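# Observations on the three-dimensional arrangement
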Amino acid sequence: LRGVRKTEAAEAAIDMCRKCPVLKQCLEYALRHPESAEYGVWGGTTVVQRRRILRLGENAINKAIESAGTLVFRCHFCYNGLEHYQRQWRLDVKQV
């Protein structure tokens, strides 16, 4: 699948996940064993969303698991804007 069809498939899978009684456990498994969850939707998240959570570290992983099913992930542009702001803030702090 490519493009729009791939996005629609992921959204359909995420909708199914929201109704699943083991959503939280599924997401926890995917985040604790990323090598086993390299593809597809796990715990209501896409690969890209899980990679972002993993990059943010253990606190983000725990928060994502704790709030599974209620998370609203930022769009790509919001996420990049936040990352840019955080990078700039770190640079400013280091220069002080």
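Reading the values: the criteria
- Residues numbered from 1 in each chain as written.
- Predicted model: local features only at pLDDT ≥ 70, side-chain atom pairs only at ≥ 80, totals over all residues.
- Heavy atoms only, no water.
- Helix = DSSP H or I, 4+ residues; strand = E, 2+ residues; numbered from the N terminus.
- Buried < 20%, exposed > 50% of the residue type's maximum accessible area, 1.4 Å probe, protein only.
- Contact = heavy atoms within 4.5 Å.
- Areas by Shrake-Rupley, 256 points an atom, 1.4 Å probe, with all protein chains shown as cover.
- Salt bridge = Lys/Arg side-chain N within 4 Å of Asp/Glu carboxyl O.
- Polar contact = N/O pair within 3.5 Å; in protein donor to acceptor, adjacent residues only side chain to side chain.
- Axes fitted to C-alpha atoms, helices over the stretch in contact; angles between N-to-C directions.
- Parallel < 35°, antiparallel > 145°, perpendicular 65-115°, else oblique.
- Left-handed = near helix turned anticlockwise from the far one by under 90°.
- Nonpolar A, V, L, I, M, F, W, Y, C, P; charged D, E, K, R; others polar.

Attention now moves to the overall build of the chain. Scanning the chain from terminus to terminus reveals 5 helices and 0 strands. In sequence order, the secondary structure elements of the chain are arranged as α-α-α-α-α. A total of 96 residues make up the chain; the buried ones form 22% of that total. Of the contacts made within the chain by residues no fewer than 6 positions apart, 44% connect residues no fewer than 24 positions apart. Accessible surface for the chain amounts to roughly 7400 Å². Of this, 57% is attributable to carbon and sulfur atoms.

According to the stated counting rule, one finds 2 salt bridges in the structure shown. Between Asp 15 and Arg 18 there is a salt bridge, and its shortest N-O distance comes to 2.7 Å. Of this pair, Asp 15 and Arg 18 both sit in helix 1 (residues 3-18), 3 residues apart, roughly one helical turn. Here Glu 58 makes a salt bridge to Arg 32, at a shortest N to O gap of 2.7 Å. Of the two residues, Glu 58 is situated in helix 4 (residues 58-66) and Arg 32 in helix 2 (residues 23-32); the sequence distance between them amounts to 26 residues. Overall, the relative accessible area of 34% leaves Arg 32 in the partly exposed class.

Note that Arg 50 resides in helix 3 (residues 47-56). With 14 residues separating them along the chain, Arg 50 and Ala 64 place their C-alpha atoms 9.3 Å apart. At 2.9 Å, the side chain of Arg 50 forms a polar contact with the backbone oxygen of Ala 37.

One way to put it is that helix 2 packs onto helix 4 with a least axis distance of 9 Å and a crossing angle of 160 degrees. Considering the angle they form, helix 2 stands roughly antiparallel to helix 4. In terms of crossing hand, the pair formed by helix 2 and helix 4 is right-handed. When helix 2 is examined against helix 4, the residues Lys 24, Leu 27, Glu 28, Leu 31 and Arg 32 are found in contact with a partner set consisting of Glu 58, Ile 61, Asn 62, Ala 64, Ile 65 and Glu 66. Taken together, the residues of the contact of helix 2 with helix 4 break down into 5 nonpolar, 1 polar and 5 charged.

In this fold, Ile 61 is placed in helix 4. Taking relative accessible area as the criterion, Ile 61 reaches 7% and is therefore assigned buried. Residues contacting Ile 61, with those up to four places away along its chain left out, are Leu 31, Arg 32, Ile 53 and Leu 54.

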